[in-house]
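Commentary on secondary and tertiary structure
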Amino acid sequence: MTHKLLMARAGSSTFSPLSLSPFLMVDSNDSADFTFSSGSIVSQWNDLSGNGRHFTSSGTPEPTRTGTQNGRPTVVFDGVNDYMVTAAWAAISQPTTIVTVAQFDSIANPSHYLYDGLGTSNRHAIISGTGYGTINHFAGIEAQAGAKDLNWHIFAVEYNGASTRVRIDGGAASTIDVGTQTLTGLTLASRFSIGDRLNGEVAHLFLKNAALSLADLNSLGSYLGGRWGVTWTTAT
């Protein structure tokens, strides 16, 4: 059954991101999609794709579901101790697409990882606060695309080696070379080696083990923009 809170009405059509068959997807709106160790302290963030690739909390203290964006709850990471990981899965090769709705609460050094892989040779990462004026991206090679700030954004990255396309809130893509590493799992809010943690909030993460068409990317971006109060410009 399609998750009732992941349906959106746009004119006469109905869209759900689950219609795009994600490999993994989490969304912070519904408390039923979490396991809490106490109160709003998150021990598990459930994968809505049906594939069982849940994020589990590591570190002490654990993240909390205490943030708010566009009237909806978000998951808050303190930048010190808390982060989440999936279990390992069989390596998936590029192209892969990761779309995240998130906010960096700090862009100062040291680095702040929005997400990363699980090991040295299996990484897909977005990093802020590394001495550059832009967001860094990595899947074996570090490259820069997108200005860093403290606003909420929809970070859409199609990992595809030297043809990687980065869009922040839609529009025209920046094409960069991030390397061709595979992905065997995700670390959320930290570097894979457990450091450089995110000081910020996350509302949604969508992972597809393929590229999205522009039509599908725009459907997803428009949906997430309306849901989380971020302006999505039509991707071209």
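Structural data are supplied above this passage.
One structure accompanies this document, and this report is about it. (Residues numbered from 1 in each chain as written. Predicted model: local features only at pLDDT ≥ 70, side-chain atom pairs only at ≥ 80, totals over all residues. Heavy atoms only, no water.)

Let us now look at the overall build of the protein chain. Looking only at helices and strands, the protein chain features one helix and 19 strands. Over its C-alpha atoms the protein chain spans a radius of gyration of 16 Å, differing by no more than 12% from the 18 Å that the globule rule assigns to 236 residues. The proportion of buried residues among the 236 residues of the protein chain is 55%. Once local pairs closer than 6 in sequence are excluded, the contacts in the protein chain between residues at least 24 apart make up 62%. Summing over all exposed atoms, the protein chain offers an accessible surface of approximately 9000 Å²; the carbon and sulfur share of this is 48%. (Helix = DSSP H or I, 4+ residues; strand = E, 2+ residues; numbered from the N terminus. Rg over C-alpha atoms; globule rule 2.2 N^0.38 Å. Buried < 20%, exposed > 50% of the residue type's maximum accessible area, 1.4 Å probe, protein only. Contact = heavy atoms within 4.5 Å. Areas by Shrake-Rupley, 256 points an atom, 1.4 Å probe, with all protein chains shown as cover.)

The subject of this paragraph is the packing of aromatic side chains. Two aromatic rings, taken as a pair, are described by how far apart their centres are and by the angle between their planes. This model, assessed by the stated rule, comprises five aromatic pairs. Judged by centre distance (5.0 Å) and plane angle (80°), the ring pair of F23 and W89 falls under edge-to-face. In this pair, F23 sits in the loop between β2 (13-15) and β3 (24-27) while W89 sits in the loop between β9 (83-85) and β10 (96-104), placing the two residues 66 residues apart along the sequence. We note that F23, like W89, is buried. Over the face of the ring belonging to W89 we find R53, whose NZ or CZ atom lies 5.8 Å from the ring centre. (Phe/Tyr/Trp six-rings, centres within 6.5 Å; stacked < 30°, edge-to-face > 60°. Lys NZ or Arg CZ within 6 Å of the ring centre and 35° of its normal.)

The subject of this paragraph is the pattern of salt bridges. Applying the stated criterion across every chain, the model contains three salt bridges. The salt bridge partner of D116 is R123, with a shortest N-O separation of 3.0 Å. Each of the two residues, D116 as well as R123, counts as buried. Taking the shortest distance from any N to any O, the salt bridge between E158 and R165 comes out at 3.4 Å. Since its relative accessible area comes to 14%, E158 is described here as buried. (Salt bridge = Lys/Arg side-chain N within 4 Å of Asp/Glu carboxyl O.)

The next thing to look at is unusual backbone geometry. The amide bond that connects Q94 to the next residue, P95, takes the cis arrangement and shows omega of 10°. Topologically, P95 is positioned in the loop between β9 and β10. Even without being a glycine, D169 presents a positive backbone phi close to 65°. Among the secondary structure elements, D169 is positioned in the loop between β16 (164-168) and β17 (174-176). Not every positive phi belongs to a glycine, and D196 is a case in point at roughly 50°. Relative to the elements of secondary structure, D196 occurs in the loop between β18 (187-188) and β19 (199-208).

Before going further, it helps to spend a moment on helix α1 (residues 214-228). Given a rise of 1.5 Å per residue, 15 residues ought to cover 21 Å, and the 20 Å separating the end C-alpha atoms of α1 matches this to within 8%. Buried residues of α1: L217, N218, L220, G221, Y223, L224, G225, R227 and W228, and no others. Within two residues after α1, G229 carries a phi angle of roughly 70°, on the positive side. (Expected span 1.5 Å × (residues − 1).)

Let us now look at the environment of N46. By secondary structure assignment, the location of N46 is in the loop between β5 (41-45) and β6 (55-58). Residue classification places N46 among the buried positions, given a relative accessible area of 16%. Considered as a pair, N46 and L24 are 22 residues apart in the sequence and their alpha carbons are 9.5 Å apart. Once residues lying within four places of it in the same chain are set aside, the contact partners of N46 are M25, V26, A32, D33, F34, T35 and H54.

Of all five residues making up strand β13 (residues 134-138), four are buried, and the element is well covered by its neighbours. Of the pairings in the sheet, the one linking strand β12 (residues 125-128) to β13 comprises three bridges and is antiparallel in character. When the sheet's bridge partners are listed, A125 is paired in β13 with F138. As paired elements, β13 and strand β14 (residues 142-147) share four bridges and run antiparallel to each other. When the sheet's bridge partners are listed, T134 is paired in β14 with A147. Following β13, the chain reverses through three residues before pairing antiparallel with β14; G140 in that reversal takes a positive phi of roughly 120°. (Pairing = 2+ DSSP bridges.)

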